[in-house]
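Report on the structure
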Amino acid sequence: CKTKLKLENNIPKINITANIHAQLVTSGSPTDYFENENRYQLAKKIEEELSKLIYSYLNKCCKELKADITGFGKNLRPQYLTLTELEKVDWENIYPNSEFVVNVGVDLNTTQIVTYKENVKSRENNK
């Protein structure tokens, strides 16, 4: 994941980009995931669902728990020369006002596995 944090009018704007590489293993599925359109549609659905889950997690931590569990505040340190300047930001009090943008990208590869039953049938047909 890549995270970018900036303050605008004392409101943290947090951009999160997650690029996920996944391998789809199927067995006996009626859907052909070797077909590019099917694989594309599945990857888009996974991106949507993961984005929702991440966004929900971040909002729960931020808005309900008011806790920077993920540690976004540490990204502010390099932006300030002294500890006094950093403390003026008052991260603990402004963090619950954070706004999140979550971008998830999924690179989905496929591998087809033949089930044991199908494998046995193919051996019988070859005799």
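A few points on the structure. Values in this document were obtained by computation on a predicted structure and should not be read as measured data. (Residues numbered from 1 in each chain as written. Predicted model: local features only at pLDDT ≥ 70, side-chain atom pairs only at ≥ 80, totals over all residues. Heavy atoms only, no water.)

As a further point, take the environment of glutamate 8. Structurally, glutamate 8 can be placed in strand β1 (residues 2-8). Taking relative accessible area as the criterion, glutamate 8 reaches 34% and is therefore assigned partly exposed. Side chain to side chain, glutamate 8 and lysine 6 meet in a polar contact 3.3 Å long. (Helix = DSSP H or I, 4+ residues; strand = E, 2+ residues; numbered from the N terminus. Buried < 20%, exposed > 50% of the residue type's maximum accessible area, 1.4 Å probe, protein only. Polar contact = N/O pair within 3.5 Å; in protein donor to acceptor, adjacent residues only side chain to side chain.)

Turning to the pattern of salt bridges, a few remarks are in order. For the coordinates displayed, the defined rule picks out six salt bridges. Across the pair glutamate 49 and lysine 52 runs a salt bridge, and its minimum N-O distance is 3.7 Å. With glutamate 49 and lysine 52 both in helix α1 (residues 36-64), this residue pair falls three residues apart, about one helical turn. A relative accessible area of 52% places lysine 52 in the exposed class. Across the pair glutamate 64 and lysine 60 runs a salt bridge whose closest N-O atoms are separated by 3.3 Å. Remark: lysine 60 and glutamate 64 occur in helix α1; sequence separation between them is four residues, near one turn of the helix. Residue class for lysine 60 comes out partly exposed when judged on its relative accessible area of 44%. A network of salt bridges, in which partner residues are shared, links Lys45, Glu49 and Lys52. (Salt bridge = Lys/Arg side-chain N within 4 Å of Asp/Glu carboxyl O.)

This next bit is on the packing of aromatic side chains. The description of two aromatic rings rests on the distance between their centres and on the angle between their planes. According to the stated counting rule, one finds two aromatic pairs in the structure shown. Ring geometry for phenylalanine 72 against phenylalanine 100: centres 6.0 Å apart, planes inclined by 50°, an arrangement best described as tilted. Here phenylalanine 72 is found in the loop between α1 and α2 (83-89), whereas its partner phenylalanine 100 is found in strand β3 (residues 99-112), with 28 residues between them in sequence. With respect to burial, phenylalanine 72 and phenylalanine 100 carry one shared label: buried. An angle of 45° between the planes, with centres 5.3 Å apart, marks the rings of tryptophan 91 and tyrosine 95 as tilted. The exposure class of tryptophan 91 is buried, given its relative accessible area of 15%. A residue is classified by how much of its surface remains accessible, and tyrosine 95, at 1% relative accessible area, is buried. (Phe/Tyr/Trp six-rings, centres within 6.5 Å; stacked < 30°, edge-to-face > 60°.)

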